[in-house]
Each structure stands twice: as structure tokens, then as C-alpha cells.
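Spelled out from the first residue to the last, the chains are:
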Amino acid sequence: MRGSRRLRFARGWRIARVLLSTQYAYMLEYRAEIALWALSGVLPLIMLGVWSGSEAAGGLGLSPERLSRYFLSAFVVRQFTIVWLVHVFEEDALQGRLSPYLLQPLHPLWRYLASHLSEQATRLPFVVLIMAIFFLFQPAAFWLPTPGGFLLAVVAIHLAFLLRFLLQTVITMLCFWTERAAALERLLLIPYLFLSGLVAPLEAFPEGVRAFALLTPFPAMLSFPAQLLAGEPVDLAGGLITIGVWAALLLPLALWLWQAGLRRYSAMGA
Amino acid sequence: MLRRFWATSLAADLEYQVNVLIELLAVAGNLAGSLFVLSLLFGQGGSLGGWSWEEALVVLGLYTLLDGITSTVLQPNLSTIVTHVQNGTLDFVLLKPVDSQFWLSARTFSPWGLPGVAAGFALIVVAAARAGARPDGATVAAALVLLLSSTVILYSLWFVLAATSIWFVKVWNATEVLRAALVAGRYPVSAYPVALRTFFTFVLPVAFLTTVPAEAILGRGSAPWLLASLVVAAFCLFGSRKFWQFALRFYTSASS
Amino acid sequence: MPIISARGLSKTYRVADKQPGIGGTLRHFFARRSRDVQAVSEVSFTIEPGEIVGFLGPNGAGKTTTLKMLTGLIHPSAGEVEVAGCAPFRRQAGFLRQITLVMGQKQQLIWDLPPLDSLRVNAAVYGIDDAEAKRRIDELAGMLDLGEELTRPVRKLSLGQRMKAELLAALLHRPAILFLDEPTLGLDVNAQARVREFLADYNRRHGATVLLTSHYMADITALCRRVLLIHQGKLFYDGSLDGLTERLAPHREVRFELRDPPPAAAFASYGAFESQDGQQLRLLVPRSELTATVSRLLADFDVLDLEVSDPPIEEIIGRLFRQGAVS
């Protein structure tokens with residue numbers, strides 16, 4: 001029994017390694033596009049521009065350094081938590097590329113997860129470059145997180161990514177019923193945009209709105225890891241529990257929708 | 001195969017209603033979010049970059065209006081350029097006895113951006129009235145001219161970006177860069193630090209898209225800015241044409 | 001013990017009935033009608049291990065739907081199907097390892113990378129260790145005559161090279177059953193022949209069972225001793241290819257060119273007159289009388305050129321279905 005488990009682990013590890021390296025090679029073919037894509041995540045930096053000149057920041061006691069660090073961290077977190085599953089999956093289902101995947105003894109979602117991770121690896125140098133340029137203009141904002149804090153932030157970013165991936169998987173599965181799954185994703189992006197902390201630090205929210213935002217999964221996807229990265233005091237256990245609870249809700253839902261969706265896909269002619 | 005089934009399936013029945021609903025929700029959600037963030041930016045204070053709340057709302061209204069125009073005309077047309085290049089069907093367009101840039105820019109029209117146009121327009125009118133703008137003939141004329149020139153600028157930026165699909169296949173990423181950067185137009189340009197203000201005026205002319213027309217609507221427009229806006233618009237349009245001709249030299253009719 | 005068995009296999013799609021245009025959409029919105037389309041109905045057959053079976057029928061006859069039911073992509077509406085001892089639609093790993101499906105127009109290779117990268121992924125997914133994978137790739141590449149193509153991005157390959165690479169990827173896990181949907185579609189004649197030889201070779205070496213659809217009769221005649229003929233979802237014929245040609249095309253087509261052609265009626269005693277185009281004439285002659293008729297034609301007329309051929313299978317099948325000769 002132990003032996004077979006070790007064997008399964010070895011096989012899983014090998015699949016992961018091969019999938020990741022192949023997908024990384026694939027993503028490198030599109031490095032120019034990915035660079036542009038990285039650049040398209042500048043929203044937090046634009047917001048930093050507006051916030052740093054606003055009277056509200058002074059009123060809230062947010063120093064320029066603190067704002068810079070927060071928004072730059074938000075930028076980094078956003079870069080590594082972007083999920084585009086719904087778009088590629090829709091395309092694959094339409095073009096019939098999903099069918100061959102279904103005939104292989106590997107859950108197709110693993111492939112998509114691997115390609116997201118590989119895309120992040122491709123994106124990394126561009127993000128570092130944008131950060132370098134940022135610090136060139138704002139040397140005062142430069143900071144080095146503690147090794148422990150940095151490690152925690154990296155873990156939190158990955159968890160935040162997984163949560164977003166899971167949430168989008170749920171939306172993506174609606175592809176099997178409607179052509180408008182991507183539109184739904186676009187709708188869901190709106191509360192994410194305004195409630196996650198991407199365009200304004202959560203501290204700036206009025207009490208009631210903040211309490212409401214914290215009931216949604218969105219702050220855990222951005223504000224929580226961003227604050228960790230920026231070295232701000234943060235409720236570590238609370239953030240991790242939020243991610244865990246949402247993941248526990250979404251995972252069974254995603255798997256159930258996958259099963260039901262496939263039944264429908266096959267009923268429609270695959 | 002699947003598309004055909006989908007098109008005729010139960011979901012397609014509600015096609016129009018659902019699309020309208022989604023667009024209305026998106027416009028309402030975006031507008032509510034923008035207003036919320038703007039209110040956070042004002043905080044307890046009374047101004048943002050020297051603009052009052054109502055005045056800043058005119059800027060936001062212009063942004064919403066232009067964003068609606070983007071979804072109605074720019075995005076649907078210019079995304080077809082990408083498809084043409086990918087499928088090699090650009091050949092047919094180039095062989096037509098019509099100016100290819102015109103043909104590619106004015107082919108289709110998507111009604112789903114109209115709620116945004118309407119909401120933006122309404123916000124401009126209401127906010128301008130509350131800001132105490134007195135619309136006389138000259139103000140209205142100047143505002144319309146500036147709005148036209150900002151539309152031309154916006155169009156040129158989009159077109160140039162779409163034309164880069166001749167080099168980059170997955171260019172929709174690039175259009176996202178533009179959309180992301182244009183978000184800066186939600187706020188008056190004077191709200192930004194000097195370096196960014198300069199960038200948004202001279203490099204990426206966001207200032208001319210929303211701030212300058214808003215000044216005119218509020219009756220604060222000046223002849224130099226009007227002139228500058230027209231010059232920038234003419235320059236962008238000319239540039240986009242030149243860029244298109246340049247890009248076509250690299251077009252190697254994709255096979256397959 | 002058959003490796004594939006289908007009993008009373010049926011598939012019904014529910015399709016909404018909608019007139020085109022806005023009016024149709026509106027009318028459809030208020031009074032929705034849908035109808036059932038019977039894609040496959042009551043199809044039964046069994047296939048023994050190692051057989052190569054051709055699956056014939058006009059477009060839309062239900063061939064692809066049947067293949068998808070046999071591979072488990074589609075759940076049958078009725079009937080039973082068993083492939084390699086499994087119920088396909090459960091798609092258990094043990095079943096998936098034994099089959100492969102190749103669709104001529106669909107590709108599974110990663111477009112921007114060399115086929116070798118996709119092969120590495122497949123090797124990992126199917127749990128084939130590196131040394132064994134290399135051995136199999138070498139063997140299959142040799143059979144398919146693929147070399148440095150494996151290290152060039154797929155998008156740079158010709159259609160024929162791409163198809164061969166697709167076959168390699170589809171066969172790396174050495175499936176016992178091959179489902180091939182138009183594997184030679186769009187290939188030039190040489191590439192078609194190459195693929196055909198490869199399939200015959202693979203079948204011989206590994207004793208694999210092959211079920212194949214093709215528009216090209218040459219594929220069928222070269223590979224299949226047995227064919228299944230399906231039309232409007234129903235199985236019309238199951239038997240040897242020779243039997244099918246005998247039954248469907250008891251005639252052969254004689255094409256000839258005359259210096260001075262008489263009116264069509266003059267050929268009544270030779271065979272069924274088909275068409276005339278200037279000096280070119282076409283007759284249908286029963287197989288048994290072919291030799292006699294040809295010598296008579298040569299003796300009686302001033303023949304410039306003469307050619308005997310089987311009418312194309314599509315034509316044979318088409319004529320057959322029009323006449324309703326099979327039931």
C-alpha cells in the first residue's frame with residue numbers, strides 16, 4: 001500500500017514536472033504578449049498616483065511610503081493571481097480540443113493549472129523589471145521584507161491564486177450550459193476590482209463597507225497577501241482561515257459542476 | 001459543432017435579455033464602484049487635484065461615455081483585425097476597392113456598449129448642472145468639438161494597437177494594456193503627481209480624453225487647450241494611418 | 001471474444017427548432033419547439049481483436065457520433081456498448097490506456113512547440129518511463145518516416161507531417177484499439193499512402209484493432225477486409241468489402257472516346273447509357289459482361305480511347321441510397 005502510494009506520488013511528480021516544463025516552453029513563445037499583459041496590470045500603480053495626491057490619504061494617516069508599498073505589493077499580488085481559465089477553456093471546448101484531453105488518463109484541469117503556473121514563471125522577469133523601474137523613480141519607497149515575511153507572502157500569494165483559480169473554475173464550468181460564462185466572469189471581476197483592495201486600501205473603506213467586503217472572498221485574494229508583502233500588520237490566521245473556508249466551499253462545487261458539465265457536454269455531442 | 005448546438009440550445013433563447021441584463025449590470029457595477037472609489041479619494045476633504053466632487057463627476061461621466069463608445073464601435077471592429085490577421089482573411093479586405101483602414105474600422109457595431117454611453121451622458125449632464133455650469137452656445141460647441149477630438153484620439157490609439165497584431169498574434173493582451181492605462185482617465189489629470197501628469201498629457205494623451213473636454217463643459221475651457229486637443233487628434237489620426245501602412249509592409253498573408 | 005461490442009446502440013439529440021433571423025428568434029421565444037434528431041439508431045455489431053474495420057457512410061450518417069460513443073465521449077441514449085471489457089462512458093483510466101482516438105481535423109499536439117514536447121507530456125500522462133518512451137518514439141518515427149520533424153514546431157510542419165506526428169502521439173501508449181476518424185483527410189496522395197501503410201504495419205506488429213472512417217475509398221480498400229455501412233443512423237451492411245462492392249456496384253463504368261459518336265440509343269445493347277460529352281461517352285456495364293462488351297465496342301466503333309473504372313464509392317453509396325436497394 002505504501003509502495004503504491006509512493007509510486008503514485010512519483011508518477012504525479014513526473015507529470016507535474018513535464019507539464020510545467022513543456023508549458024513554460026510554450027509560454028516563452030509568447031513572451032512578448034505576456035510582457036504586455038504584465039504591463040496591463042498597472043492599475044494599482046495608477047491608483048497610487050491618485051491616492052498619493054489626495055487629501056483623503058493624509059486624513060487617514062497613510063504616509064506616502066506606506067501607500068507606495070501597499071500599491072506596489074497589490075500590483076505584484078495581482079500579477080501572480082491572474083486567472084484566464086474561462087477564456088482558454090471556452091475556446092478549447094468550442095474547437096474540440098477538450099475531447100482528446102478527456103480521453104487521456106489525467107484530469108484536464110491539471111493541464112490548465114500547469115499552464116497558469118508556467119505563465120506566472122514567464123511573467124516573473126517582467127514584473128521584476130517593472131518594479132525596478134518603479135524604485136528608480138521612487139527610491140524612498142524601497143523596502144526589503146524580512147525573509148520570514150517574504151516566505152509567508154509568497155505562500156499567501158499562491159493560496160490567493162488557487163482560490164481565484166477555483167472561483168473561476170466554477171464560473172468556467174458554466175461554459176457547458178451557456179455561451180456567456182466569460183461575460184459572467186467579467187461581471188464577477190467588478191466586485192473583485194473594487195472590494196479586493198486593488199484600487200483602494202481596505203483601511204480607507206467606511207466601516208460598514210469594509211465589514212461587507214470582508215464577508216466576500218475578494219480581500220483574501222488581494223489585500224491579505226499584499227499587506228503581508230508590504231510588511232503591514234495583518235491578521236494572519238484570519239486570512240488563512242478565510243481562504244480555507246472559501247476553498248472548502250468552492251472545491252466541491254467546482255468538482256460537482258465538472259461532472260454535471262461533462263454529462264451535458266457528452267449529451268450535446270462532445 | 002458545439003457552437004451550433006449552443007446557438008440553438010435553451011440558453012440561446014434568452015440571448016437578448018441576458019445580454020442586456022449583463023451589460024446593464026456591468027455598467028451599473030462599474031459606475032457604482034467608480035463613485036465609491038471617488039468618494040474614498042475625497043475622504044473628508046472637499047477637492048481632488050483642485051476639482052470639486054461634482055466637477056470630478058463630469059470627468060467620470062466622460063470616461064464612462066468614452067468607455068461605452070469603445071465597447072460599441074472600437075472593440076468589436078478592431079478585434080476583427082486580429083481575427084483577419086490570424087485567419088489570413090485580411091487578404092480579402094486588402095483586395096477590396098475601399099480604404100482598408102476605413103473598412104476595418106467601421107464594419108460592425110455592438111449595441112452592448114450603449115448603456116455605458118447613456119449612463120456616461122446622463123452623469124455628465126447631471127454633474128455639470130450641479131457644478132453650476134451655464135451651457136451657452138460657445139460652451140456647448142467647444143465641448144462637442146473636444147469630445148469629437150477625444151474620440152478621434154481614442155480611436156487612433158486603439159487602431160494602432162490593433163495594427164500591432166501583424167506582429168503579435170495574441171494582441172488582445174495589448175488592448176488590455178491600453179484599457180488599463182486609460183482607466184487613469186477616470187480622474188482629473190491634475191490629481192496625479194507631476195511626472196504622471198506630464199506622461200498622461202504628452203505620451204499617452206489621457207488628459208485630452210476626459211479632463212480637457214470636462215474643463216470645456218464646465219465653462220473653463222481655453223483656446224490654447226482647444227487648439228492643442230485638435231492638434232493632438234490630427235496628429236494621432238495621421239499617425240495611425242502611417243502606422244497601418246507601415247505595418248502592412250510586414251504582413252505576410254498567414255497560411256493555414 | 002469480441003473486443004468491441006455494440007447492441008442496439010442509439011443516440012438522440014434534442015435540437016431546438018428555430019427559424020433563422022430575428023423574426024424566427026422572437027417566434028421561437030414565445031413558442032419554443034424542439035425536435036429529437038436520431039443521430040444513431042439501433043446499431044449492433046461486434047469486432048474481434050486485431051480486425052481492421054472500415055466505417056462507411058455519407059456525411060452526417062452518424063459515424064462520428066458512433067465513434068464518440070465507443071470512446072466514451074458521448075453517453076448513448078439507449079443500447080449497450082462494451083469496449084475492451086469496459087463501459088466506455090465511465091472513462092476509467094484502465095480503459096483510456098487501451099484506446100486512442102484520432103480525428104483528422106482536430107489536433108492534440110501543442111501548436112507552438114515541437115512534437116517531441118507533446119510526446120514527453122503524453123509519456124508522463126500514460127506513465128511510460130523515459131527509456132521505454134524513447135524506444136517507442138524511435139520505433140514509431142521509423143515506421144512513419146519522421147525524423148527531424150519531431151524537433152520542429154508543429155506550426156511549421158506540413159499537413160502530412162503533422163498528421164503523422166499526431167498518429168505518433170496517439171499511439172505512444174500502444175493502445176490495443178484505434179478509433180480513426182478521417183485520418184487522411186486533406187492529405188496529398190503520397191501522404192495518404194504513407195499513413196495507410198503505417199496503419200497496416202502497426203496492426204500487424206501489435207495486433208491492434210482498428211475502426212476507421214474515411215472519405216477515401218483507397219484507404220478502405222487497402223486496409224479493411226470488413227466494412228460497416230451506416231446511413232441515417234442505421235446500420236445497412238456489415239460484411240466483407242468484396243461483398244459490398246458486389247452488392248452495391250454490380251456495374252463497372254466504361255468511359256470511351258469515339259471519332260464519330262452515333263446517337264445515344266445506339267448503345268442500348270451494350271449497357272446502361274450514362275452520359276455523353278462531345279466525343280466522350282460513359283456506359284455502365286455489368287461486371288460479368290465486361291470483357292465481352294469491351295471487345296464488342298472495340299470491334300463495332302472507331303474507338304480513340306477507352307478506360308474501365310469502378311464508380312467512386314461515394315457515388316455507389318449515393319446511388320444505392322437513392323434507389324433504396326438495401327434495406
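Small disclaimer: the values here were computed from a predicted structure and weren't measured. (Residues numbered from 1 in each chain as written. Chains lettered and ligands numbered in written order. Predicted model: local features only at pLDDT ≥ 70, side-chain atom pairs only at ≥ 80, totals over all residues. Heavy atoms only, no water.)

Description of the overall build of chain C
Link 1 in the chain: Across its full length, chain C carries 11 helices and 13 strands.
Link 2 in the chain: Across the 327 residues of chain C, 52% fall into the buried class.
Link 3 in the chain: By sequence separation, contacts in chain C at least 24 residues apart represent 72% of the contacts at least 6 residues apart.
Link 4 in the chain: With the model as given, the accessible surface of chain C reaches about 15000 Å², and the carbon-plus-sulfur share is 49%. (Helix = DSSP H or I, 4+ residues; strand = E, 2+ residues; numbered from the N terminus. Buried < 20%, exposed > 50% of the residue type's maximum accessible area, 1.4 Å probe, protein only. Contact = heavy atoms within 4.5 Å. Areas by Shrake-Rupley, 256 points an atom, 1.4 Å probe, with all protein chains shown as cover.)

A look at the domain arrangement of chain C
Interface size is commonly expressed as the accessible area that is lost once the parts come together.
Link 1 in the chain: Domain parsing of chain C yields domain 1 (4-246) and domain 2 (250-309).
Link 2 in the chain: The C-alpha centroid of domain 2 of chain C is placed 41 Å from the C-alpha centroid of domain 1 of chain C. (Domains from an automatic or database assignment.)

Brief notes about the interface of chain A and chain B
Link 1 in the chain: Chain A puts 42 residues into the contact, and the matching count from chain B is 46 residues.
Link 2 in the chain: In total, chain A and chain B occlude about 3900 Å² of area from one another, counting both sides; carbon and sulfur atoms represent 73% of this.
Link 3 in the chain: In terms of surface lost to chain B, no three residues of chain A exceed Arg180(A), Phe194(A) and Met268(A), which account for 16% of the buried area on that side.
Link 4 in the chain: At the boundary of chain A with chain B, the tally comes to 1 salt bridge. (Buried area = accessible area lost by both parts, 1.4 Å probe. Salt bridge = Lys/Arg side-chain N within 4 Å of Asp/Glu carboxyl O.)

Describing the interface of chain C and chain A
Link 1 in the chain: Chain C puts 33 residues into the contact, and the matching count from chain A is 29 residues.
Link 2 in the chain: Each partner contributes to the roughly 2600 Å² buried at the junction of chain C and chain A, and carbon and sulfur atoms together form 59% of this total.
Link 3 in the chain: If you look at where chain C meets chain A, you find 2 salt bridges.
Link 4 in the chain: Put simply, chain C and chain A have 8 residue pairs in polar contact (both at pLDDT 80 or more) between them.
Link 5 in the chain: At 7 residues, helix 4 (residues 115-125) of chain C tops the list of elements feeding residues into the side of chain C that touches chain A.
Link 6 in the chain: Here the residues of the side of chain C that touches chain A sort into 16 nonpolar, 6 polar and 11 charged. (Polar contact = N/O pair within 3.5 Å; in protein donor to acceptor, adjacent residues only side chain to side chain. Nonpolar A, V, L, I, M, F, W, Y, C, P; charged D, E, K, R; others polar.)

Regarding the sheet that holds strand 9 (residues 234-240) of chain C
Residues and elements named next belong to chain C.
Link 1 in the chain: Taking strand neighbours across the sheet as the criterion, the 6 strands line up as 5-6-7-3-8-9 in an open arrangement whose pairing is mixed. Whereas interior strands pair on both sides, the edge strands pair on one side only; in this sheet they are strand 5 (99-103) and strand 9. Sheet twist, expressed as the average angle between the axes of neighbouring strands with direction ignored, equals 15°.
Link 2 in the chain: Pairing of strand 6 (residues 177-181) with strand 7 (residues 209-213) involves 5 bridges; the strand directions are parallel. Opposite Leu178, over in strand 7, you have Val210 as the bridge partner. (Pairing = 2+ DSSP bridges. Axes fitted to C-alpha atoms, helices over the stretch in contact; angles between N-to-C directions.)

Some thoughts on unusual backbone geometry
Residues and elements named next belong to chain C.
Link 1 in the chain: Residues other than glycine seldom take positive phi values, yet Arg91 does so here, at roughly 50°.
Link 2 in the chain: Looking at where Arg91 falls in the secondary structure, it is placed in the loop between strand 4 (78-83) and helix 3 (93-96).
Link 3 in the chain: Phi at Gln232 is positive, roughly 50°, even though this residue is not glycine.

With respect to the sheet that holds strand 12 (residues 280-286) of chain C
Residues and elements named next belong to chain C.
Link 1 in the chain: Spatially, 11-12-10-13 is the arrangement adopted by the 4 strands of the open sheet, whose pairing is antiparallel. Each having just a single partner strand, strand 11 (272-277) and strand 13 (303-309) make up the two edges of the open sheet. For this sheet the average axis-to-axis angle between neighbouring strands, irrespective of direction, equals 20°.
Link 2 in the chain: Sheet analysis places strand 10 (residues 251-258) next to strand 13, joined by 6 bridges and oriented antiparallel. Residue Val254 lies in a different strand from strand 13, and its bridge partner there is Val308.
Link 3 in the chain: Contacts between helix 10 (residues 290-300) and the sheet are confined to strand 10, strand 12 and strand 13, with strand 13 contributing the most and set at about 170° to the helix.

So, the nonpolar core
Link 1 in the chain: By size, the foremost hydrophobic cluster in this structure holds 189 residues, and its most contacted members are Trp51(A), Val83(C) and Phe179(C).
Link 2 in the chain: Broken down by element, this core gets its largest block of residues, 14 residues, from helix 4 (residues 53-87) of chain B.
Link 3 in the chain: Counting residues in hydrophobic clusters, the runner-up holds 54 residues, among them Ala124(C), Ala141(C), Leu150(C) and Leu178(C). (Core = buried A, V, L, I, M, F, W, Y, C linked by side-chain atoms within 4.5 Å.)

Side note on helix 8 (residues 137-163) of chain B
Since there are 3.6 residues in each turn of an α-helix, residues three or four apart along the chain are aligned in direction.
Link 1 in the chain: Taking 1.5 Å of rise per residue, 27 residues should cover 39 Å, and helix 8 of chain B covers 39 Å from first to last C-alpha, within 8% of that figure.
Link 2 in the chain: For helix 8 of chain B, the N-terminal cap is Asp136(B); the gap from its side-chain oxygen to the backbone nitrogen of Ala138(B) is 3.2 Å. (Expected span 1.5 Å × (residues − 1).)

Points about the packing of aromatic side chains
Link 1 in the chain: Counted according to the given criterion, the structure contains 29 aromatic pairs over all chains.
Link 2 in the chain: Between Phe267(C) and Phe301(C), the ring centres sit 5.3 Å apart and the planes meet at 35°, which makes this aromatic pair tilted. Of the two residues, Phe267(C) sits in the loop between strand 10 and strand 11 while Phe301(C) sits in the loop between helix 10 and strand 13, which places them 34 residues apart along the sequence. There is no split in this pair, since Phe267(C) and Phe301(C) are both buried.
Link 3 in the chain: Each residue in the set Phe89(A), Tyr112(A), Phe176(A), Trp177(A), Trp258(A) and Tyr265(A) is aromatic and connected to the rest through ring pairs, giving one cluster.
Link 4 in the chain: Arg123(A) extends its terminal NZ or CZ atom over the ring of Trp37(A), reaching a point 5.4 Å from the ring centre.
Link 5 in the chain: Its end group placed over the ring of Trp51(B), Arg220(B) keeps NZ or CZ at 4.6 Å from the ring centre. (Phe/Tyr/Trp six-rings, centres within 6.5 Å; stacked < 30°, edge-to-face > 60°. Lys NZ or Arg CZ within 6 Å of the ring centre and 35° of its normal.)

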